[in-house]
Amino acid sequence: MTAFAATFIDRQGRRQHGRFNARDARQLREELRARSLWPVEITVATPDRKAAKLVIPARDLVPVLHQIELQLRAGVTADEAFRQLAEDAPPGPIRQVLEHVHREVSHGHPIHQACRHFPRVFPPHLAAVIEAGEVSAQLPESLRGLAHHVASADEL
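Each value, and the rule that gives it
Residues numbered from 1 in each chain as written. Predicted model: local features only at pLDDT ≥ 70, side-chain atom pairs only at ≥ 80, totals over all residues. Heavy atoms only, no water. Buried < 20%, exposed > 50% of the residue type's maximum accessible area, 1.4 Å probe, protein only. Helix = DSSP H or I, 4+ residues; strand = E, 2+ residues; numbered from the N terminus. Arc of directions from axis to C-beta. Contact = heavy atoms within 4.5 Å. Phe/Tyr/Trp six-rings, centres within 6.5 Å; stacked < 30°, edge-to-face > 60°. Lys NZ or Arg CZ within 6 Å of the ring centre and 35° of its normal. Pairing = 2+ DSSP bridges. Axes fitted to C-alpha atoms, helices over the stretch in contact; angles between N-to-C directions. Parallel < 35°, antiparallel > 145°, perpendicular 65-115°, else oblique. Left-handed = near helix turned anticlockwise from the far one by under 90°. Nonpolar A, V, L, I, M, F, W, Y, C, P; charged D, E, K, R; others polar. 1 Å grid on protein atoms, 1.4 Å probe; cavity = no way out; pocket = protein on both sides within 12 Å on 5 of 7 lines; lining within 4 Å. Points joined across faces, edges and corners; volume = space filled by probe spheres on them.

J.: Describe helix α1 (residues 25-34), naming the residues involved and giving the relevant values.
T.: By the burial criterion, the buried members of α1 are Gln 27, Leu 28 and Leu 32. An end-on view of α1 places all buried positions within 135° of arc, on one side of the element. The exposed residues of α1 that point more than 90 degrees off its buried face are Arg 26 and Ala 34. Tucked inside the fold, the buried residues of α1 contact β1 (2-9), β2 (15-22) and β3 (38-44).

Here you go:
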């Protein structure tokens, strides 16, 4: 799925703006029309600049990775694990990341795609480890290794 920015006319004739996920612009155009909205302009959305600049210190990220690993090992679904952690997290960057990942996962998107919205928290090599864990059905083991890697890199 790709993120799109759309300008459209609503049922009351007002110009509105929104961000949507769709396979392509054509699918989004059809979805908007199905909701009685008239698309004026659809473009690929630029990444959220606040999310791109978000930073979480390793000392805060490592426990979160361990918690997700433990919940997955206990049989909790990824969707539920991220929801619970987001609810329990204090307000701030960690909660923002967990809420975003939960939203994306609950809509059927892979975890690694949701993590890529936060390139300073999950640089490409970390997101690739998560993707490998998802594809190989070894996500808890991948998260454990990732937590160890982040902690070791922080010590250096």
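What follows picks up the thread again.
J.: How would you summarise the packing of aromatic side chains if you had to cite specific residues and measurements?
T.: The description of two aromatic rings rests on the distance between their centres and on the angle between their planes. Applying the stated criterion across every chain, the model contains one aromatic pair. Residue placement shows Arg 33 over the ring face of Trp 38; its charged tip is 4.7 Å from the ring centre.

J.: So what's going on with the sheet that holds β2? Which residues, and what values?
T.: Read from one edge to the other, the open sheet built from three strands follows the order β2-β1-β3, with strand pairing classed as antiparallel. Two strands lie at the open edges of the sheet, namely β2 and β3, each paired on one side alone. Going from strand to strand, the sheet's axes swing by 25° on average, the running direction of each strand aside. Of the pairings in the sheet, the one linking β1 to β3 comprises six bridges and is antiparallel in character. Bridged to Ile 9 within β3 is Trp 38. Seen against the sheet, α1 touches β1, β2 and β3 and runs at an angle of roughly 150° to β3.

J.: With reference to specific residues and values, describe the packing of helix α4 (residues 78-88) against helix α5 (residues 93-106).
T.: The contact between α4 and α5 brings their axes to 8 Å, and the two run at 155°. The angle between α4 and α5 places the two elements in the roughly antiparallel class. Here α4 runs over α5; the crossing is left-handed. Along its contact with α4, which presents Ala 78, Asp 79, Phe 82, Arg 83, Leu 85, Ala 86 and Glu 87, the element α5 presents Arg 95, Leu 98, Glu 99, Val 101, His 102, Val 105 and Ser 106. The residue inventory of the contact of α4 with α5, partitioned by class, reads seven nonpolar, two polar and five charged.

J.: Which residues make up empty space enclosed by the protein, and what values go with them?
T.: Under the counting rule described, the total for this entry stands at one cavity of 30 Å³ or more. Here the largest cavity defines a volume of roughly 140 Å³. Contributing to the lining of the largest cavity are 16 residues, with Val 64, Leu 65, Ile 68, Phe 82 and Phe 122 lying nearest its centre. Elements with a minimum of two residues in the lining of the largest cavity: α3 (58-73), α5, α6 (111-115) and α8 (139-155). Broken down by class, the residue content of the lining of the largest cavity amounts to 16 nonpolar, no polar and no charged.

Everything listed here is a matter of geometry and, on its own, says nothing about what the molecule does.
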